2 protein chains.
Amino acid sequence: MSSKPSIPKGTRDFSTEEMLKREYIFENIKKVFKLYGYQPIETPAMENLTTLLGKYGDEGDKLLFRILNSGDFLSSLSNDDMAILEYGKLSSKICEKGLRYDLTVPFARYVVQHRDEIVFPFKRYQIQPVWRADRPQKGRYREFFQCDVDVIGSDSILNELELIQIIDQVFESLKVGAQIKINNRKVLAGIAEFAGVPERITDITVALDKFEKIGWDKVKEELYGKGINNKSIKDIESIINVIRLTDAEKLIFLRRILLDFPIGLEGIKELEELFHLLEKVHINSSIVFDLTLARGLNYYTGAIIEVKSTDINIGSICGGGRYDNLTGIFGLPGVSGVGVSFGADRIYDVMDQLNLFEKSNSSSTEVLLLNFGEAETEYGLKVLRILRNMNIRAELYPDQISLKKQMSYANSKKIPFILMAGENEINNNCIKVKNMSSGEQKVISMKELKKFVENEIRQTKGIDSLPPNLKIL
Amino acid sequence: MSSKPSIPKGTRDFSTEEMLKREYIFENIKKVFKLYGYQPIETPAMENLTTLLGKYGDEGDKLLFRILNSGDFLSSLSNDDMAILEYGKLSSKICEKGLRYDLTVPFARYVVQHRDEIVFPFKRYQIQPVWRADRPQKGRYREFFQCDVDVIGSDSILNELELIQIIDQVFESLKVGAQIKINNRKVLAGIAEFAGVPERITDITVALDKFEKIGWDKVKEELYGKGINNKSIKDIESIINVIRLTDAEKLIFLRRILLDFPIGLEGIKELEELFHLLEKVHINSSIVFDLTLARGLNYYTGAIIEVKSTDINIGSICGGGRYDNLTGIFGLPGVSGVGVSFGADRIYDVMDQLNLFEKSNSSSTEVLLLNFGEAETEYGLKVLRILRNMNIRAELYPDQISLKKQMSYANSKKIPFILMAGENEINNNCIKVKNMSSGEQKVISMKELKKFVENEIRQTKGIDSLPPNLKIL
């Protein structure tokens, strides 16, 4: 016998139990997205490498999964290519396509490609897997799901407000405690100007982003290592110190400090407007203005948003921001967008650790008809039909094996009700029902079946059963 | 400006309108799967090539999308490999992973890998995209979705019955007219034995499978071309002639003809049992016993099932069968399974051509709050919150632009109701509502909002809005 088959490292199978939990997360997220008027789109798993390359930095390019050209992929190679045999150069000759790395770049590509059909502001959500050739480790996978929600074609701060409302409502519906951190890239640019090194904004934000993890001393070291002078580092430090102030005090302090730096002031103004609007709506999550929040990605140009669980230390469970130039790389400049991405896999881990999934999620079938033979089964099939017409999930044990084994199947699948039809039941047009948790058994007539469904099956189950008249779409 | 970006040929973006239609199909299919006690699993997009290769024939191996190994993929090559530079051999050295080609082989791999956690009979469904490097053409894509439903670990014909009930109920719920064709591989094997060429079963089934498309004369030519002698071809012809008989007559005829061929008789017995059971349940679709149905795939060992639309000539919209040995290739012999796969993309095309999607599917947002400025928006945000708490999909126009442009946005998105808040409305704690189809406008108080939602918004929309108390899972 051959050894057990396996799957590529960093990928996962999802069992039924995991699927039901995951669907619970996705459905809650989708429901909130829809409540705010966002609509779904999907893009292909494969994109042309020309679309993907250069969008995620050098590191990102290396982490792209490339798809070998079909057929004789060597035919596109010249003798020179063969002679060099350098894998980086060769891979771009023998691969034209790659797996998507995130949902943001495909979305930007989508907007540019379909701009004539799109109504702006375009509010879309997208829930699909992405693939990264990262080193797999606990909580980091090579295939994982992102749930992105973006609005493109509007620079109103009301969009940032709405996204924060969405974040708040998603985590409230999932009962996950959330802390929402907010910053603004323009304020970071203002700080770089204040420190006299505006051109070093990327190095500064990359270093600041690690503040929470490694502390100010290490951030200082990194800045110094990047060749930023002591005076500038002192200037930055004088601002970062404000983390001890309240959010309102921080804004007042920064407005004074950044008085001569228009870009920084603009960032302050945007933050003030956002905080003002946030006071007008009801938000459950705690909100923090975090000056060190940068989220490495260089394409953010305004608001930066990041969410952490208040209970489990697992890193960011949602994040995003405003980008003014994303579609510019595909030839459509001047379109501002803002969006956030929910990390379904980390949210799953948080909920699993906090036992936030209901037990009942693990069951699905509500009624099992035992198999006592041909005539009994033919009779039972009619009962199953009636139950399914009432939207009860019902199955029939397919093989005529021992009662014990059939009962053990019902127990393993946590099926709450068992149906049995014998000669008596067939002759009297009724069915025997056993409640698996109470052990109670009774014989009911076909006429009583509807009442039984309403009063017992529907009361027992914890999981969904759509009422028969409810349209799915 | 650079040229418009594009996506790889044979792949597709799905717009919101297409997504809503597709979700309608998937939700209907899922709902029926669940009603019969099937539960969801998912497997990764990438499988090890050792799992995929050799399972789909030589042609299938060529159509697999292979993923280039990350990092220096050349380092795994020996000097000999370099010298040969033959693409077929090279590709297996530089690629360890491939994209899944169907859902059946990953399912077999899943069952073997997780056999200790699985309760048998294992009833699972799986709805995911698959990828094939086929030549793209109308109705054939390189990325497309399969909806598979299988039961593994039971050889009862009740499973075949159940799958046909599922097929029937899915197409009934989608209002797609369906013809279900049924055959049995054992009967085909019996015919090959009857014709004296049992070892030519594959050639015979491949040729017979084309009967409907190309007619008997061409099938005969193909058989002859494959080296099957005239006498055998005549024997096969004498059986294929029965297509003019009724299903019941066919079975009687075959039982006589195949009397000396146990494998063929076993197939007849299975079909008789299935047709007997089918009479006991209610099936809307027409059912045909089609002796020429073979469905190329060699792994079928018993029942073969295929579904066509009765209205649109588009090929198979669902198909499957019983396989006794599928998990054997992964080291778990003796487990019988049966399943069918719904082709979501073709079902979509059929429904689209027959106008079976409701118009209302194309809208999503139910209420738009117009943007008249800061104070009005802050007031309006409270109204939106109340509406969303009642599960009404509500959005706010984010930018304070001309009324005309905002109304045009509402029209483009087919939003049925417009909300407006001016000074009067704010002072009197009410809101102005416009019904976009009737043109009717009225001012309602916050107290009347609930009644308005119940009597007007909920009546107008054709698409889903889950009642607030309905759990998603």
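Residues numbered from 1 in each chain as written. Chains lettered and ligands numbered in written order. Predicted model: local features only at pLDDT ≥ 70, side-chain atom pairs only at ≥ 80, totals over all residues. Heavy atoms only, no water.

## Brief notes about helix α18 (residues 449–460) of chain B
Note: α-helices contain 3.6 residues per turn, so residues at a spacing of three or four share the same orientation.
Residues and elements named next belong to chain B.
Right, on to step 1. Taking 1.5 Å per residue, twelve residues should reach 16 Å; α18 reaches 15 Å between its end C-alpha atoms and fits that length.
Right, on to step 2. If you check which residues of α18 are buried, you get L449, F452, V453 and I457. One side of α18 holds all its buried residues, which, seen down the axis, span an arc of 100°. Facing away from the buried side of α18, by more than 90 degrees, are the exposed residues K451 and Q459.
Right, on to step 3. Its buried side turned inward, α18 meets β12 (367–369), α15 (374–389), β14 (417–420), β15 (430–435) and β16 (441–445). (Helix = DSSP H or I, 4+ residues; strand = E, 2+ residues; numbered from the N terminus. Expected span 1.5 Å × (residues − 1). Buried < 20%, exposed > 50% of the residue type's maximum accessible area, 1.4 Å probe, protein only. Arc of directions from axis to C-beta. Contact = heavy atoms within 4.5 Å.)

## Some details on the domain arrangement of chain A
A common way to report how large an interface is uses the accessible area buried once the components associate.
Right, on to step 1. As assigned here, chain A comprises domain 1 (16–44 + 102–353) and domain 2 (363–461).
Right, on to step 2. Relative to domain 2 of chain A, the C-alpha centre of domain 1 of chain A lies at a distance of 52 Å. (Domains from an automatic or database assignment.)

## Considerations on the pattern of salt bridges
Right, on to step 1. In this structure the tally under the stated criterion is 57 salt bridges over all chains.
Right, on to step 2. One salt bridge in this structure joins R22 of chain A and D345 of chain A, with 3.2 Å as the shortest N-O distance. Here the residue R22 of chain A occupies a position in helix α1 (residues 16–35), and D345 of chain A occupies one in helix α14 (residues 344–353), the gap between them amounting to 323 residues. You'll find R22 of chain A and D345 of chain A in the same group, each marked buried.
Right, on to step 3. In this structure, D150 of chain B engages R124 of chain B in a salt bridge whose closest nitrogen and oxygen atoms are separated by 2.9 Å. (Salt bridge = Lys/Arg side-chain N within 4 Å of Asp/Glu carboxyl O.)

## Brief notes about the relation of the copies chain A and chain B
Right, on to step 1. You can overlay chain A on chain B at an RMSD of 0.0 Å; the transform is a turn of 180° with a shift of 0.0 Å along its axis. The superposition of one copy onto the other is thereby described by a two-fold rotation axis. Scanning chain A for the C-alpha nearest the rotation axis identifies I67 of chain A, at a separation of 2.3 Å.
Right, on to step 2. A share of 100% of interface residues in chain A that are also interface residues in chain B marks the association as one of identical surfaces. (Least-squares fit on C-alpha atoms with pLDDT ≥ 70 in both.)

## Some details on the packing of helix α9 (residues 201–208) of chain B against helix α10 (residues 211–225) of chain B
All names here are of chain B.
Right, on to step 1. Their axes nearest at 8 Å, the elements α9 and α10 cross at an angle of 140°. Across from D203, I204, V206, A207 and L208 in α9, the residues of α10 making contact are F211, W216, V219, E222 and L223.
Right, on to step 2. A class-by-class count of the residues in the contact of α9 with α10 yields eight nonpolar, no polar and two charged. (Axes fitted to C-alpha atoms, helices over the stretch in contact; angles between N-to-C directions. Nonpolar A, V, L, I, M, F, W, Y, C, P; charged D, E, K, R; others polar.)

## A short note on unusual backbone geometry
Right, on to step 1. Following F120 of chain A, the chain continues to P121 of chain A via a peptide bond in cis, the omega torsion being -5°.
Right, on to step 2. Even without a glycine there, the phi angle at N429 of chain B is positive, about 50°.
Right, on to step 3. Structurally, the position occupied by N429 of chain B is in the loop between α17 (423–427) and β15.

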